Amino acid sequence: MNALELDGVSRDFGTPDRRVYRALDGVSLAVPSGAFVAIVGPSGCGKSTLLNVAAGLLSPSSGVVRVAGEPLDGLNRHATYMFQQDALLPWKTVRDNVALGLILGGVRRAAAHARADAWLTRVGLANFAAHYPAQLSGGMRKRVAMAQNWMLDRGMVLMDEPFSALDIHTRQRMETELLSLWEGRSPESLDRKTVVFVTHDLEEAIALADEVVILSAGPAARVVAQHHVALDRPRDLMELRTASAFVDLYRTIWAVLREEVIKSHRAAEGRRA
Amino acid sequence: MPEPDPSATPSGAIVLASQLALGIALLALWQTLVSVQVLDPFFVSRPSDIGARIVRWITSGTLWGHLAVTLEESLLGLVAGAALGVSLGFLLARSPFLAQVLDPYIKMLNAVPRVVLAPLFLLWFGLGIWSKVALAVTLVFFVMFFNTYQGVRDADPVLIDNVRMLGATERQLVRHVLVPSALTWIFSSLQTSLGFAMVGAVVGEYLGATRGLGYVISQAEGTFDTTGVFAGMTVLGIVVVIVSAGVTRLERWLLHWKQ
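Residues numbered from 1 in each chain as written. Chains lettered and ligands numbered in written order. Predicted model: local features only at pLDDT ≥ 70, side-chain atom pairs only at ≥ 80, totals over all residues.

Colleague: Got a sec to walk through the overall build of chain B? Specific residues and values, please.
Modeller: For chain B, the helix and strand inventory stands at 12 helices and 0 strands. Going from the N terminus to the C terminus, chain B shows its helices and strands as α-α-α-α-α-α-α-α-α-α-α-α. Computed over C-alpha atoms, the radius of gyration of chain B comes to 23 Å, more than 25% over the 18 Å expected from 2.2 N^0.38 for 259 residues, which places it beyond the range of a compact globule. Buried positions account for 32% of the 259 residues belonging to chain B. Taking all contacts inside chain B whose residues are at least 6 apart in sequence as the whole, residues at least 24 apart take part in 74%. (Helix = DSSP H or I, 4+ residues; strand = E, 2+ residues; numbered from the N terminus. Rg over C-alpha atoms; globule rule 2.2 N^0.38 Å. Buried ≥ 20, exposed ≤ 12 C-beta atoms within 10 Å, placed from the backbone. Contact = placed C-beta atoms within 7 Å.)

Rendered as structure tokens:
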């Protein structure tokens, strides 16, 4: 079954000069349950809009979003969302931040804290439970956010360029941790979560995902191609990027994405002129 | 985050010593200028007289009653002004329609000089503490109102989206995101609010009262007793420094997560 379906989804925004900006134009997409799908496209192509529509934070101007077969109305309660920016509450400790989803759902504080602590141990931050987000590094804050999202019993995680603000080494460590969470080397996640991962980095997309979806340059972004990534799991991200299967796949998909990136550059120059 | 260079921030002891040295130097200069008759003590008094006057107030016990009244008025004004300002700030931040309707009225009221209101409050609330509390409220209210309004409106939309995605109801959103976000603004304006509360109380006393520091100052002025005026101002200044040191500690404790 498909965890998430977008059927001819368009989304318009009003611009300050009273015109209509069409961010998405008839996007159709099916994400099977338990799959890891990456959405790639040039900057400003509406990737985040797509994710916000899937989350229910934005409603489509036309078209239908289905979650687990049901048309989505309001927020997507089957999903959590990991944002590009820091989304931890600065006035709550790391432990309280991780436990927040459970506490909002009515779990008693002590029980929520116990589970949060177990998850902090898993992401290697057991000693930082009583710290505040401002006291952590960017990579540590991302790990807290991962624990916060992963701990909730939701089938889907939407991720909007979650690691783009990190330096390259921290970023690779985070990718490895994300895969180990998703590939379920832990008792709690026997069922794999469905992951929709937005990025502008094709390398990251191929390294992590089962399917790579290419969006066209904006405005009016569409799906231009979808590629299956037939790489074995579990994947060793340190070695993967130089493997010949990876390089071949990269070349094939880049040939498509390249066109869109060039178009978006041209559009940007056109706006500047 | 980069650590600040320790050599760039002088230690507390050096700052305190310099502060004391500066104060003593200014007082010494004042005292000297009066004793060599450059300045006339009738107009500016002299530090030794002012000090002696304060000591006499303390030993005779007259100071404490006046000080207590001023502090009581300030505190009541602070609490009432904060309660009103925070509630209205929250209400308007959550209701853009109401905010637009009330906007010109709030601006008009805020533009009224408070000294103009003091005689009215005397008329309405009498010579006792309540006319001073009312004056303090009109000052504190706007600081608290604007900070709360801004704090709620400025709550990071990403935090709001994240908490909503984690399953927050509207009430939980208010409790976990909007209130703490507003509190950071409110706490950081405590210093200003407290100062305003004291200004309200003292100005109120000055214009018509039977007790309080403002009353002491105005009595002294009425008899051209400059020593009494300066002594009253000095006591007021010292109290503000002590109280604001307390508020700074309170603020640091309340906003300890900010680093």
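That was the structure; now back to the text.
Colleague: So what's going on with the overall build of chain A? Residues and values would help.
Modeller: If you tally the helices and strands in chain A, you get 8 helices and 10 strands. Each of the 273 residues in chain A was classed as buried or not, and the buried ones make up 41%. Taking all contacts inside chain A whose residues are at least 6 apart in sequence as the whole, residues at least 24 apart take part in 70%.

Colleague: Please provide a residue-by-residue account of the domain arrangement of chain B, values included.
Modeller: Domain boundaries in chain B define domain 1 (1–39) and domain 2 (45–258). The C-alpha-based centres of domain 1 of chain B and domain 2 of chain B are spaced at 28 Å. (Domains from an automatic or database assignment.)

Colleague: Just give me the short version of the nonpolar core, but keep the residues and values in it.
Modeller: Residues Val196(A) and Val140(B) are the most contacted members of the largest nonpolar core, which totals 129 residues. The leading source of residues in this core is helix H7 (residues 129–153) of chain B, at 14 residues. Discounting chain neighbours no more than four positions away, the residues touching Val196(A) are Leu4(A), Val31(A), Val37(A), Ile39(A), Leu51(A), Ala54(A), Leu158(A) and Met159(A). (Core = buried A, V, L, I, M, F, W, Y, C linked by C-beta atoms within 7 Å.)

Colleague: Requested: an account of the interface of chain B and chain A, with residues and values cited.
Modeller: Taken together, the contacts link 16 residues of chain B with 18 residues of chain A. Secondary-structure elements contributing two or more residues to the side of chain B that touches chain A are helix H8 (157–165) and helix H9 (170–188) of chain B. Partitioning the side of chain B that touches chain A into residue classes produces 8 nonpolar, 5 polar and 3 charged. (Nonpolar A, V, L, I, M, F, W, Y, C, P; charged D, E, K, R; others polar.)

Colleague: Outline the sheet that holds strand E4 (residues 62–67) of chain A, listing residues and values.
Modeller: Residues and elements named next belong to chain A. In spatial order, the strands read E2-E1-E4-E5; together these 4 strands make up an open sheet with antiparallel pairing. The strands lining the two open edges of the sheet, one partner per strand, are strand E2 (20–32) and strand E5 (70–71). Of the strand pairs in this sheet, strand E1 (residues 2–14) and E2 are connected by 9 bridges, and their pairing is antiparallel. Residue Asn2 lies in a different strand from E2, and its bridge partner there is Pro32. (Pairing = 2+ DSSP bridges.)

Colleague: Could you give an account of the packing of helix H11 (residues 213–222) of chain B against helix H12 (residues 226–254) of chain B, naming the residues involved and the relevant values?
Modeller: Residues and elements named next belong to chain B. At a closest axis distance of 8 Å, the pairing of H11 and H12 adopts a crossing angle of 160°. Here H11 is positioned roughly antiparallel relative to H12, judged by the angle of their axes. Read as a crossing pair, H11 and H12 show a hand that is left-handed. Contact with H11, carried on its side by Leu213, Val216, Ile217, Ala220 and Glu221, involves Gly228, Val229, Gly232, Met233, Val235 and Leu236 of H12 and no other residues of that element. (Axes fitted to C-alpha atoms, helices over the stretch in contact; angles between N-to-C directions. Parallel < 35°, antiparallel > 145°, perpendicular 65-115°, else oblique. Left-handed = near helix turned anticlockwise from the far one by under 90°.)

Colleague: Let's hear about the pairing of strand E6 (residues 79–82) of chain A: which residues, and what values?
Modeller: Residue and element names in this part refer to chain A. Neither face of E6 is open: one carries Ala79 and Tyr81, the other Thr80 and Met82, and all of them are buried. Summarising the sheet, E6 and strand E7 (residues 156–160) pair through 4 bridges and their orientation is parallel. When the sheet's bridge partners are listed, Tyr81 is paired in E7 with Leu158.

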